[in-house]
Every structure is written in C-alpha cells, then in structure tokens.
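This is what each chain is made of:
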Amino acid sequence: MLDPAYIRDHVEEVRTGLRNRGLDSDKALEEIATLETARRRIIPELEGLRRQQNASGDQIAQAKRQGKDATAIQEANKARTVQIKQLGFQLDSIEYQRTSAAMVLPNLPHASVPVGKSADDNVEVRRHGEPRTFDFQPQPHWDLGPALGIIDFERGAKLAGARFTVLSGAGARLSRALINFMLDLHTREHGYREVEPPFLVNSAALTGTGQLPRFEQDLFKIAGEWDLYLVPTAEVPLTNLHRGEILDGRELPIRYTAYTPCFRSEAGSYGQDVRGLIRQHQFDKVELVKLTTPESSYDELESLTANAEEVLKRLELPYRTMLLATGDMGFSASKTYDIEVWLPSQKTYREISSCSNTEAFQARRANIKFRAAGTGRAEFVHALNGSGLAVGRTLIAILENYQEKDGSVTIPTALRPYMDGKERISK
RNA sequence: GGUGAGGUGGCCGAGAGGCUGAAGGCGGCGGUUUGCUAAACCGUUAUACGGGCUAAAACCUGUAUCCAGGGUUCGAAUCCCUGCCUCACCGCCA
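Given the structure is predicted, the values throughout are model-derived calculations rather than measurements.

Engineer: Got a minute to help me understand the protein's contact with RNA strand B in this structure?
Structural biologist: As a structural note, the neighbourhood of RNA strand B is formed by 24 residues, with Arg-39, Glu-47, Asn-77, Lys-369 and Arg-371 the closest of them. For RNA strand B, the fraction of atoms within 4 Å of the protein that belong to sugar or phosphate moieties is 70%. One nitrogen or oxygen atom from the main chain of Gly-57 is found 3.4 Å from a base nitrogen belonging to RNA strand B. Residue Gln-74 places a main-chain N or O atom 3.4 Å away from a sugar or linking oxygen belonging to RNA strand B. Those elements giving two or more residues to the surface near RNA strand B turn out to be helix H3 (26-65), helix H4 (71-103) and strand S13 (369-371). The biggest single contributor to the surface near RNA strand B is H3, with 14 residues. A breakdown of the residues in the surface near RNA strand B according to their chemical character gives five nonpolar, six polar and 13 charged.

This is how it looks when you write it as structure tokens:
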C-alpha cells in the first residue's frame, strides 16, 4: 500500500508514477487526498472532546472521594459521550474508505525502471550461455515428456482437469531432484534459511503481500466457512512470517527460502500456453524472500537475482535477464527482473523467475518494521521476493535443451548427485 | 466433535470500575566499577495517530491502544455479549 499521507502531499509524483504503469488514477488519488484531509480535520476535534471527557472524569472521581455531588458534570459528560461516539464512527468510516482506496493502487516504479507500456519495453540487462545448435528438429516438452513416459497430461486431466499434470518415474524424480538441488544451493551457499510453511493461508496474509483484495479471482479459495486460500506462491507465507512485528535491525537482512506447490486459478488466461507445463493450476516453486533495510534493498535485489541466476548457471541452461518496464511489472513491485530461460522448441526465452523489490509496499500492508541498532525509530522494512526457480519450467528447460536425437534427455551434471548418478533419461 | 481454563508490554507476571501506559522480575540499551570478562549498582526501555517547534530531527504536548468487535457506565485492562486464538482432558486420527 502507498502511504495515504504521502499521497496527499505528493499527488503529482504519485499520479506520474502510476500513469507510467498505464493506470489512470486521478479519481482515486483525489479521493484519497480528500479523505486524508477530512481525517485530519476530525482527529483534533475528536481528541479535544476526549480530553475534556478525561478531565471531567477526574473531577467526578475527586468529588466522589470527597463525598460531593457531581450530577451536573455527569450530565455534561453524558451528552459528550454521544458526540464522541458519533464522531468516532465518522472517523472510522473515513479511514476505512481511505485505506480501501489506497489498497487497490499498485506500487510506484523505481526511478531506474524503464517507462513503457508493455513487455516490448523491457530491457535486457545480461545474457548467459549460448543456445545449443541442434542437428535435428528439437521437440517441444509436451511431445518429449509423454514419449519418455514421464509426463502424463491425459491422466492429469482425468484426476483434476485441464492444467493439471502427472509426473511419474524419472519425471517425478527429476522434479524432486530440482527442488532439493535449489534448496541446497540457497541454504548452503547463499545464506537463506529453509522454511516449510503452511500451503494454505488466510486473507490477512494475502492482503499483506497484495494478492487481496484486488486479485481474488486468481486464487483458489477453500469452500465452506474457512478463511483460507491455497498459496499462489511461497512469497505469501514467507513475507508474512513477520507480519505485525518490529524486527531488530541487527538481524537484517533476513533471508528465507521455501519449496511449496503453488496454486493459481489462471482466470482470464484461456488460450495462453494451453499446451504443456508452462501454465498450470498447480506447480512447484522454490521461492526466495528477503526482508531488509531501505538503504540496502536495491543491492539485495541484485544479489537475490544473482542467486536465482546461479541455479541456471549450474544447470548450464542459457538465459537472459530482463529489467521489466513500468507497464509490465506486478502490482506490488517497485522494480523487477525477470529471468528467462531458452526454450529451443519455441526458439525463445521464457520467464522462469521474477525477482522484485517491493520496497515498503508490502511491509506497510503487513506492518513489518525494524528498529535500527538498539534504539531509534521503528520504520518499515523493504521486502523482496523472487523465484529461485519455478520447478516445472526448469524441468521443461532441461528436457528441451538437453534432448538428444533419439528422444532421450541428458541429465545436467549438477543434478546427477540428486538422481542416483544417473546420466540420462530414456525410454 | 465434546468439556474445561485462559488471552495484560520483547518475555514472565500482578492488577478485579476512576489515583494504571499499566507493579515486580527477566531481557534490551546507556552508564559507574573493571587490565579483560563476569558480577554488582544506577538510569533508561511500546506502538499508532494528531498538534506545536524544526530545513529535518531531537524535543514538547494531546489522543488511542491490556486478543478483536460491540454493549453497560459520567468513567472499563477490570462488568456483559459476540468472534478469533491458545492450552488441558476426552473422542477421532497421519
């Protein structure tokens, strides 16, 4: 959430930032500014009344102790109590409206983010590895996988419907190997603490990271009287671990990694990536989350992105890293790098990780603060997140990039210790 | 699912209508002492939102906050209702 007080005092700056994201927010900003002003008119009035009430309350107490009559003061207070209650409800209503309006606005882009309408305006910042040249026609994974008997789309559909898939045999094993490989890398070498969170989260957590209230249609909600949703990403439980806390500044940065399945309804994505494992209702992901100070958050974004890229380097998969333009960024992000892996069958780079600095946007929603060394004021942390990596898409990339003419797939060297030393998947 | 007991500051724990932002202890921070460490002693120690002062802070001041939301009352941490959560026991169960 953007700070309503900041919006009031910097309407033009906020308007420009949101316009760069392709959003016409004039009405919303005006509403927030107006509500904020109204709020600051009511607060002193209300507090003045309460102050009088407190003072005469003391008078009553004193009179009673001395055995005097205090009926007159009591009567005056009675009237004022009604007034205070009414004004209090009015203030609650204004604050509710103000927060509701602010909650649906996305984050402001960082100054280093290229202004642009769409993914076409994203900027490539680096590229690693050479796409392999094939002396045969490389197959897409949706042909390779079923042919090897390790991916079963039909049976996935039988069990749960479209966009659900069964991995079996070496496919299931490869997926588990990838999860372990990624978690080991991030915990042993990159300093992240491994977490196994709940795979269901409540609405408060989803509000903290920004999925709610605006994107409920993208989530799977548990039926019945439960306030629970399937996690769309481990970013939600990991970032919310410290919701409502004030952290010791000396503990920062805090780095968490978790493997979770992720569940997304993919509402409105009909027709996109209908084939294969690219876009599923359920997929596995190893996530990276950092909570840090405002001073260090952009350095931490660079290292977090590098941590995710390292997975691809070790797996010897060609990728490029894109700096997203203002129009292509997610709701909560101030700045985002997408890592895209080469897919030979599509002859293109496809997103396999998205690494973002949300600055104080999520921290304000989730109320996560820190206090600099010992004393000092509590202020909002900066929260970062990134995929490290999406497991299903990594599996696709391995199948497609490491395929051989006979339809078998070589297992990347780095992964072999996790596959009982196996070098190849074949029929 | 049933029954019972509870939710007070970073933690433990008192308070049972006004004198309580809240005793006491622990922890944290600052200091005294010390060759260093420990111990001891002294001081200090919540958050949010307003107002004042300010370049900005510091600071001063007000209001709110004892799980949350309602209610009773001139006045609620304290009484009543609802919800949420925790613990214990029973049942069921990986």
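Engineer: Sorry if this is basic, but what is going on with the packing of aromatic side chains here?
Structural biologist: Each aromatic ring pair is described using two quantities: the centre-to-centre distance and the angle formed by the ring planes. Applying the stated criterion to the full structure yields five aromatic pairs. Seen from their ring centres, Phe-181 and Tyr-418 are 6.0 Å apart, and the 75 degrees between their planes marks the pair as edge-to-face. Remark: Tyr-418 occurs in the loop between strand S16 (409-410) and strand S17 (424-425) and Phe-181 occurs in helix H7 (residues 170-189); sequence separation between them is 237 residues. Ring geometry for Phe-215 versus Phe-331: centroids 5.2 Å apart, planes at 75 degrees, classification edge-to-face. In this pair, Phe-215 is assigned in the loop between helix H8 (203-209) and strand S6 (229-230) and Phe-331 in the loop between strand S10 (319-323) and strand S11 (335-343), connecting sequence segments 116 residues apart. By relative accessible area, Phe-215 is classed as partly exposed at 23%. An aromatic cluster is built from Phe-215, Phe-331 and Phe-361, whose rings are joined through pairwise contacts. Here the guanidinium or amino end of Arg-126 rests over the ring plane of Tyr-337, the centre of that ring lying 6.0 Å away.

Engineer: Is there a simple way to explain the sheet that holds strand S8 (residues 254-263) in this structure?
Structural biologist: Neighbouring strands of a sheet are bound in pairs by backbone hydrogen bonds; such pairs are parallel or else antiparallel. The strand order S1-S10-S11-S12-S15-S9-S8-S4 describes an open sheet built from eight strands, whose pairing is mixed. A single partner strand is all that each edge strand has here, and the edge strands are strand S1 (123-128) and strand S4 (193-194). Direction of pairing for S11 relative to strand S12 (residues 348-357): antiparallel, over a ladder of nine bridges. Residue Leu-343 lies in a different strand from S12, and its bridge partner there is Thr-348.

Reading guide: rules and limits
- Residues numbered from 1 in each chain as written.
- Chains lettered and ligands numbered in written order.
- Predicted model: local features only at pLDDT ≥ 70, side-chain atom pairs only at ≥ 80, totals over all residues.
- Heavy atoms only, no water.
- Near = heavy atom within 4 Å.
- Polar contact = N/O pair within 3.5 Å; in protein donor to acceptor, adjacent residues only side chain to side chain.
- Helix = DSSP H or I, 4+ residues; strand = E, 2+ residues; numbered from the N terminus.
- Nonpolar A, V, L, I, M, F, W, Y, C, P; charged D, E, K, R; others polar.
- Phe/Tyr/Trp six-rings, centres within 6.5 Å; stacked < 30°, edge-to-face > 60°.
- Buried < 20%, exposed > 50% of the residue type's maximum accessible area, 1.4 Å probe, protein only.
- Lys NZ or Arg CZ within 6 Å of the ring centre and 35° of its normal.
- Pairing = 2+ DSSP bridges.

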